[in-house]
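Examination of the molecular architecture
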Amino acid sequence: MRAVTKIVSEYLGRDSGLVVTNPADGSQLGTVRDWTASDTASAVMTASAAMNSWRSRTAKDRASVLMNWHDLILEHQNDLAALTTAECGKPIGESIGEVAYGASFVQWFAEEAKRMYGDVMPSHAANKQIMVMRQAIGVVSAITPWNFPLAMITRKIAPALAAGCTALVKPAEATPLTALALEKLALEAGIPEGVFQVITTTDPASIGKVLTEHPVIKKFSFTGSTAVGKVLAAQCAGTMKKISMELGGNAPFIVFDDADIDAAIEGAMISKYRNTGQTCVCANRFFIHADIHDEFVARLSAAVAALKVGDGSEAGVSIGPLINQVGADKVAGLVDSAISAGARVIIGGKRHSYGDAYYEPTILTDLNHDMEIASREIFGPVAAIYTFQSEAEVIKMANDTPYGLAAYFYSRDLGRCFRMMEALDYGMVGVNEGVMSTEVAPFGGVKESGVGREGSKYGLEEYTELKYCLIGGLT
Ligand code: ADP
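Residue positions are given per chain, counting from 1 as you read along its sequence in written order. The model is predicted, so local features are restricted to residues of pLDDT at least 70 and side-chain atom pairs to those at 80 or more, both for listing and for counting; the totals for chains, interfaces and linings are taken over all residues. Excluding hydrogens and water, the side-chain figures rest on all heavy atoms present in the structure.

We now examine the nonpolar core. Definition used in this section: a nonpolar core is a set of buried Ala, Val, Leu, Ile, Met, Phe, Trp, Tyr and Cys residues joined via side-chain atoms within 4.5 Å. Each residue gets one of three labels from its accessible area relative to the maximum for its type: buried under 20%, exposed over 50%, partly exposed in between, using a 1.4 Å probe on protein chains only. Ranked by size, the top nonpolar core spans 61 residues in total, and within it W69, I73, L161, I191 and F196 carry the most contacts. Grouped together as the second largest cluster of nonpolar side chains are 34 residues, I261, A283, A383 and A406 included.

Right, dumping it as structure tokens:
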């Protein structure tokens with residue numbers, strides 16, 4: 001344990017505070033500071049005071065400090081990954097990948113800082129000029145989830161800092177250590193005190209109120225559930241903050257009878273079972289064309305049978321514990337209710353003998369759309385399989401949800417691919433691809449899956465405001 005927590009050792013206390021546990025075995029990793037609402041309000045003022053000097057540096061200067069941060073994150077890749085696995089249970093290979101993915105946002109936005117262009121527009125009058133400048137929006141706050149404890153922070157904080165904002169982030173109660181490690185490395189990299197602060201707490205609602213209602217904060221960014229996102233968006237309305245919300249999904253994964261089945265199985269495995277099924281872009285509903293259903297299920301089942309369940313820190317494990325027992329209870333509830341309504345278990349279908357937080361990788365068939373599992377985010381290693389006959393039918397079923405984050409489909413027919421890309425009401429569509437996340441593309445959803453985009457050139461805009469200046473008297 002000492003080895004795992006060495007990077008954050010100075011943040012760990014012995015007594016009361018926020019207790020961090022390892023979901024793999026329930027052991028205690030340590031205790032960190034439990035911030036109060038009034039501590040948080042002071043931190044907001046610290047962020048505000050730090051803003052002027054940070055914003056007035058050149059973009060090139062901010063970029064070079066961010067690149068130091070990026071390099072330090074990668075230098076500590078193994079330590080950070082061990083910390084992530086210890087507090088959220090993610091298999092270690094995936095945690096190593098998350099560190100690289102998280103660092104990629106810091107690098108990308110360091111580069112983008114230098115391209116925060118404005119505009120000079122053709123004027124409406126001969127003696128006037130129109131200039132549009134892009135400026136840092138102000139102090140930024142963010143609340144992040146436990147399923148990507150590192151990358152969800154850098155995806156928000158790197159563009160904020162690149163734009164010249166200062167930022168406060170409240171990580172999830174389950175995963176404060178990775179966040180604190182990032183803060184430590186940021187300071188080491190030369191990011192000044194007060195520019196990036198991590199607020200750890202046992203009381204997300206009170207701290208969340210400060211981070212969404214404080215008038216000094218101009219922008220709020222959230223990744224988490226739709227239910228909490230709606231509450232936080234409403235809280236932001238009082239001071240008219242700009243918001244980004246990356247919320248829940250109910251991703252369809254569609255396989256047509258003209259698909260490359262090998263590719264579809266490979267995509268299904270990664271889209272469904274990555275992070276033990278706990279991502280907002282995980283395939284939640286598999287729609288398989290009736291003519292290939294049996295073959296697809298048999299092949300998926302063979303691949304699932306080969307997954308190794310266990311403590312994520314052990315080599316070769318691809319399915320770790322869920323975040324905690326409550327997470328496993330939720331998955332068990334959805335599966336049990338589907339089974340009692342007539343679903344068939346192809347493989348799995350119950351808790352894993354390894355412990356209370358573990359659930360067996362599962363495949364269910366014979367499902368219908370009235371079952372709770374069809375409309376809820378499963379957030380566990382359970383593939384729920386439905387069938388369809390026609391393209392029109394599957395488009396209707398795929399779009400029949402209030403969510404609109406990620407969708408996937410497999411087909412080798414070019415015309416169909418273009419029709420499907422247009423027809424799916426989602427912010428992101430994977431065409432013959434089961435994973436889409438990259439720092440260079442815009443990540444985000446439509447409908448109740450959220451507003452705003454993260455990553456790419458669009459990700460920087462979220463942390464800026466446009467200012468239009470009309471320069472008159474030129475003749
Ligand atoms: P999940 O179900 O994935 O845990 P949540 O939306 O509950 O998703 O949590 C995501 C983040 O939102 C976490 O950091 C959590 O602490 C925070 N959170 C949960 N409820 C509130 C709330 N009422 N106010 C502010 N933050 C909250």
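Now that the structure has been shown, we can carry on.
Once that is clear, we can look at the domain arrangement of the protein chain. Boundaries of every domain are those given by an automatic assignment or by a domain database. The domain boundaries assigned to the protein chain delineate domain 1 (2–247 + 449–469) and domain 2 (251–437). For domain 1 versus domain 2, the separation of C-alpha centres amounts to 30 Å. Here, residues are in contact when the closest pair of their heavy atoms is within 4.5 Å. Contacts between the two partners involve 20 residues from domain 1 and, on the opposite side, 25 residues from domain 2. Two parts placed together each lose some accessible area; with a 1.4 Å probe, that loss summed over both constitutes the buried area. Carbon and sulfur atoms make up 58% of the area that domain 1 and domain 2 hide from each other, which totals about 1700 Å². Should a side-chain nitrogen of Lys or Arg be within 4 Å of a carboxyl oxygen of Asp or Glu, the pair is scored as a salt bridge. Between the two partners, domain 1 and domain 2, sit 0 salt bridges. Put simply, DSSP marks the helices as runs of H or I at least four residues long and the strands as runs of E at least two long, and each gets a number from the N terminus on. The set of elements that each furnish at least two residues to the side of domain 1 that touches domain 2 consists of α4 (77–88) and α5 (92–113). Just so you know the grouping, Ala, Val, Leu, Ile, Met, Phe, Trp, Tyr, Cys and Pro go in nonpolar, Asp, Glu, Lys and Arg go in charged, and all remaining residues, Gly too, go in polar. Looking at the side of domain 1 that touches domain 2 residue by residue, the classes come out as 10 nonpolar, 5 polar and 5 charged.

Axes here mean lines fitted to C-alpha atoms, for a helix over just the part in contact, with angles spanning 0 to 180 degrees between N-to-C directions. The N-to-C vectors of α5 and helix α6 (residues 151–163) enclose an angle of 10°; their axes lie 8 Å apart at closest approach. With respect to α6, the element α5 is oriented roughly parallel. Of the residues in α6, those touching α5 at E98, Y101, G102, F105, V106, F109 and A113 are A151, T154, R155, A158, P159 and A162. The residue makeup of the contact of α5 with α6, split by class, is 9 nonpolar, 2 polar and 2 charged. An angle below 35 degrees is read as roughly parallel, one above 145 as roughly antiparallel, one from 65 to 115 as roughly perpendicular, and any other as oblique.

Quick look at the site of the ligand now. Nearness is defined per residue: one heavy atom within 4 Å of the molecule or strand is enough. Close to the ligand lie 16 residues; T144, W146, K170, E173 and S225 are nearest. N or O atoms within 3.5 Å of each other form a polar contact, as long as, within protein, one can give a hydrogen and the other can take it, and as long as residues adjacent in sequence are counted only when both atoms are side-chain atoms. Residue W146 places a side-chain N or O atom 3.1 Å away from an oxygen atom belonging to the ligand. Within the side chain of E173, an N or O atom sits 2.4 Å from an oxygen atom of the ligand. Residue exposure ignores everything except the shown protein chains as possible cover, and the areas themselves are Shrake-Rupley values with a 1.4 Å probe. Isolated, the ligand exposes 540 Å² of accessible area, and the fraction of that covered by the protein chains is 76%. Among the elements of the structure, α8 (204–213), β8 (217–223) and α9 (226–237) are those that each provide at least two residues to the shell around the ligand. Per-element tally for the shell around the ligand: the top contributor is α8, with 3 residues.

Moving on: the packing of helix α10 (residues 261–273) against helix α11 (residues 293–305). Any two packed helices are characterised by the angle at which their axes cross and by the distance between the axes. Between α10 and α11, the shortest axis-to-axis distance is 10 Å and the interhelical angle comes to 50°. When the axis of α10 is compared with that of α11, the two are oblique. Considering the relative orientation of α10 and α11, their crossing is right-handed. Within the contact between the two elements, α10 uses I261, D262, A264, I265, A268, M269 and Y273 and α11 uses E295, F296, R299, L300, A303 and V304. Tallied by class, residues from the contact of α10 with α11 come to 10 nonpolar, no polar and 3 charged. What makes a crossing left-handed is the near helix being turned counterclockwise from the far one by less than a right angle; a clockwise turn instead makes it right-handed.

This structure, assessed with the given rule, holds 20 salt bridges. We note a salt bridge from K90 to E98, for which the minimum N-O separation is 2.6 Å. There is no split in this pair, since K90 and E98 are both buried. Connected via shared salt-bridge partners are R155, K156, E246 and E454.

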